[in-house]
Number of protein chains: 2
Amino acid sequence: MNVAFATVQQHARMLENLDRWIDVAVEYAKGKSFDPNVFVQARLAPDQYAFVRQVQAACDSAKFLAARLAGKDPPKHPDTEQSIDELHARIRNVVAYLKTFREEDFAGADTRVVPLTFRPGKGMLGADYLFEMQTPNFFFHVTTAYAILRQNGVGLGKVNYIGSLTLRDV
Amino acid sequence: MNVAFATVQQHARMLENLDRWIDVAVEYAKGKSFDPNVFVQARLAPDQYAFVRQVQAACDSAKFLAARLAGKDPPKHPDTEQSIDELHARIRNVVAYLKTFREEDFAGADTRVVPLTFRPGKGMLGADYLFEMQTPNFFFHVTTAYAILRQNGVGLGKVNYIGSLTLRDV
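Novice: Got a minute to help me understand the packing of helix α1 (residues 3–31) of chain B against helix α4 (residues 126–151) of chain B in this structure?
Specialist: Between two packed helices, both the angle of their axes relative to each other and the distance between the axes serve to describe the pair. Residue and element names in this part refer to chain B. At a closest axis distance of 10 Å, the pairing of α1 and α4 adopts a crossing angle of 10°. Our classification of the angle between α1 and α4 gives roughly parallel. Seen from α1, the contacting residues are V3, A4, T7, Q10, H11, M14, L15, L18, W21, I22 and A25; seen from α4, they are L130, F131, Q134, T135, F138, F139, V142, A145, Y146 and L149. Of the residues belonging to the contact of α1 with α4, the class tally is 16 nonpolar, five polar and no charged.

Structure (structure tokens):
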């Protein structure tokens, strides 16, 4: 099993779940007759990122993980989203990018050294980058986005968070 | 690389981070002269788990991942914690349990079939159990615990969330 490939697939699946949570939020807003774009600027604490920035950061985290571990240049996204529709587009754009990767793109990813842009001269081994930084960071933003909707009354539960499972008989 | 072993180490590290966020919360409470045990019942939404249950669920998620993928019986924890001190003890107990595992305990974990107690007759392949269910579930509870403290004014940031990184020169 290639850990990087499995993780990129995991992040794509979670972004698809996030995309569906936004649909549930839009339905909730319709039912209460308020503008669903209110969610875009909602936040849990005044000095924490708003929903829009949580979604952008989740997308970026997944995008950089895939690109860096495959030794490719990621596409640029300028963080200009201001509406629910634009957030849907951002998520779907990044999911499509993640789905362009094949398992062989990540050959040797565990031992590839990934430079850190915020720490000039420093980098991390691919496996450390994945387990210590990018996966926790990705789930941080996805879960905080979920929590913002949840706290605003949107009817989401763990089943929505986890999404579908590949079951087998035992 | 053994994915199950690396993931169990990742979860142990995140639980150690959670243990330190609680220390920061206790210092914050002291500075404002309120009882830090108030955090135990804090929650983001009235129909979401309180802090105590988020911590218990994070501990259980990591414990079950390690035990199920190694084919062992996990220790039982009856969820009786009512104070910050008891939450510290629960976390440290589970971290110590996670640290008893060695890489060879997880030989063949990817293809081991893990029965699901909440879906009688159904189970998941070890790799699916790890990537689709347990890792998202673990980070859900850890991040929600963090968000509860953060929303209550505790001075935490991404550096506290991620913890230490294994850097190397590039």
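Novice: I keep staring at the interface of chain A and chain B and nothing clicks. Help me out?
Specialist: The parts lose accessible area when they come together, and the size of an interface is often stated as this lost area. Of the residues lining the interface, 49 residues belong to chain A; the matching set on chain B comes to 49 residues. For the pairing of chain A and chain B, the buried interface totals around 4500 Å² over both sides, and the portion due to carbon and sulfur atoms is 63%. It is F131, E132 and R168 of chain A that lose the most area in chain A upon contact with chain B, and together they represent 14% of the buried surface on that side. At the surface where chain A touches chain B, the tally comes to four salt bridges. Note that R150 of chain A and D47 of chain B form a salt bridge whose closest N and O atoms lie 2.9 Å from each other. One can count 19 residue pairs in polar contact (both at pLDDT 80 or more) joining chain A with chain B. Here the side of chain A that touches chain B gets 18 residues from one element, more than from any other, and that element is helix α4 (residues 126–151) of chain A. Across the side of chain A that touches chain B, the residue classes break down as 25 nonpolar, 13 polar and 11 charged. The pairing of strand β2 (residues 122–125) of chain A with strand β3 (residues 168–169) of chain B spans two bridges and is antiparallel. Of the residues in β3 of chain B, the one forming a bridge with K122 of chain A is D169 of chain B.

Novice: How do you make sense of the relation of the copies chain A and chain B when you look at a structure like this?
Specialist: Superposition of the two copies of the chain requires a rotation about an axis and a shift along the axis. The two copies are related by a screw motion: chain A maps onto chain B through a turn of 180° and a shift of 0.0 Å along the axis, at an RMSD of 0.0 Å. With respect to symmetry, the two chain copies, as superposed, fit the operation of a two-fold axis.

Novice: Where do I start with the sheet that holds strand β1 (residues 113–115) of chain A in this structure?
Specialist: In a beta sheet, neighbouring strands are held together by backbone hydrogen bonds and run either parallel or antiparallel to one another. In space, the three strands of this open sheet follow the order β1(A)-β2(A)-β3(B), with antiparallel pairing throughout. Every other strand in the sheet has two partners, leaving β1 of chain A together with β3 of chain B as the edge strands with one partner each. With three bridges connecting them, β1 of chain A and β2 of chain A associate as antiparallel partners. When the sheet's bridge partners are listed, P115 of chain A is paired in β2 of chain A with G123 of chain A. Sitting on the sheet, α4 of chain A is in contact with β1 and β2 of chain A, with an inclination near 90° to β2 of chain A.

Novice: I'm lost on the sheet that holds strand β3 (residues 168–169) of chain A in this one. Help?
Specialist: Strand order in the open sheet formed by three strands is β3(A)-β2(B)-β1(B), with antiparallel pairing between adjacent strands. Only two strands of the sheet have a single neighbouring strand rather than two, namely β3 of chain A together with β1 (113–115) of chain B. With respect to the sheet, α4 of chain B is in contact with β1 and β2 (122–125) of chain B, its orientation differing from that of β2 of chain B by roughly 90°.

Novice: What is the right way to read the nonpolar core from this model?
Specialist: The biggest cluster of nonpolar side chains holds 120 residues, and the ones touching the most others in it are L15 and F106 of chain A together with L15 and F106 of chain B. Among residues more than four places away in sequence, those in contact with F106 of chain A are N2, A4, F5, V8, A66, L69, A70 and F101 of chain A.

Novice: Help me understand the packing of aromatic side chains, please; the structure alone is not making it clear to me.
Specialist: For any pair of aromatic rings, the description consists of the separation of the ring centres together with the inter-plane angle of the planes. Taken as a whole, this structure holds 23 aromatic pairs over all chains when the rule is applied. One aromatic cluster is present, built from ring pairs that chain together F5, Y97, F101 and F106 of chain A. When the ring centre of Y49 of chain B is taken as origin, the NZ or CZ atom of R53 of chain B, which lies over that ring, is 5.0 Å away.

Conventions used here
All residue numbers refer to positions counted from 1 along the written sequence of the respective chain. All chains are assigned letters beginning at A, and all ligands numbers beginning at 1, according to the order in which they are written. Per-residue local features are limited, in this predicted model, to residues with pLDDT of at least 70; the limit for side-chain atom pairs, both in listing and counting, is 80 or more; totals at the level of whole chains, interfaces and linings are taken over all residues. The basis for every side-chain value is the complete set of heavy atoms in the structure, and neither hydrogens nor water enter the calculation. Between the N-to-C directions of two axes lies an angle of 0 to 180 degrees, each axis being a line fitted to C-alpha atoms and, for a helix, fitted only over the stretch in contact. Strands here mean DSSP runs of E at least two residues long; helices mean DSSP runs of H or I at least four residues long; both are numbered from the N terminus. The cut-offs work like this: below 35 degrees is roughly parallel, past 145 is roughly antiparallel, 65 to 115 is roughly perpendicular, and the gaps in between are oblique. Throughout, a residue-residue contact means that at least one pair of heavy atoms, one from each residue, lies within 4.5 Å. Amino acids are sorted into nonpolar (Ala, Val, Leu, Ile, Met, Phe, Trp, Tyr, Cys and Pro), charged (Asp, Glu, Lys and Arg) and polar (every other residue, Gly among them). When two parts are put together, the accessible area they lose, computed with a 1.4 Å probe and summed over both, is reported as buried area. We define a salt bridge as a contact between a side-chain nitrogen of Lys or Arg and a carboxyl oxygen of Asp or Glu at a distance within 4 Å. Nitrogen and oxygen atoms within 3.5 Å of one another constitute a polar contact, given that in protein one can donate a hydrogen and the other can accept it, and given that sequence-neighbouring residues count only through two side-chain atoms. For two strands to count as paired, DSSP must find a minimum of two bridges between them. Least-squares superposition of the copies uses the C-alpha atoms of those residues scoring a pLDDT of at least 70 in each of them. The term nonpolar core refers to a set of buried residues drawn from Ala, Val, Leu, Ile, Met, Phe, Trp, Tyr and Cys, joined through side-chain atoms within 4.5 Å. Remark: exposure states derive from per-residue accessible area (1.4 Å probe, protein chains only) relative to the maximum for the residue type, with buried under 20%, exposed over 50%, and partly exposed in between. Pairs were defined over the aromatic rings of Phe, Tyr and Trp, the Trp ring being its six-membered one, requiring ring centres within 6.5 Å. Orientation was assigned from the angle between planes: stacked under 30 degrees, edge-to-face over 60, tilted for the rest. Sitting over a ring, as applied to charges here, requires NZ of Lys or CZ of Arg to be within 6 Å of the ring centre and within 35 degrees of the ring normal.

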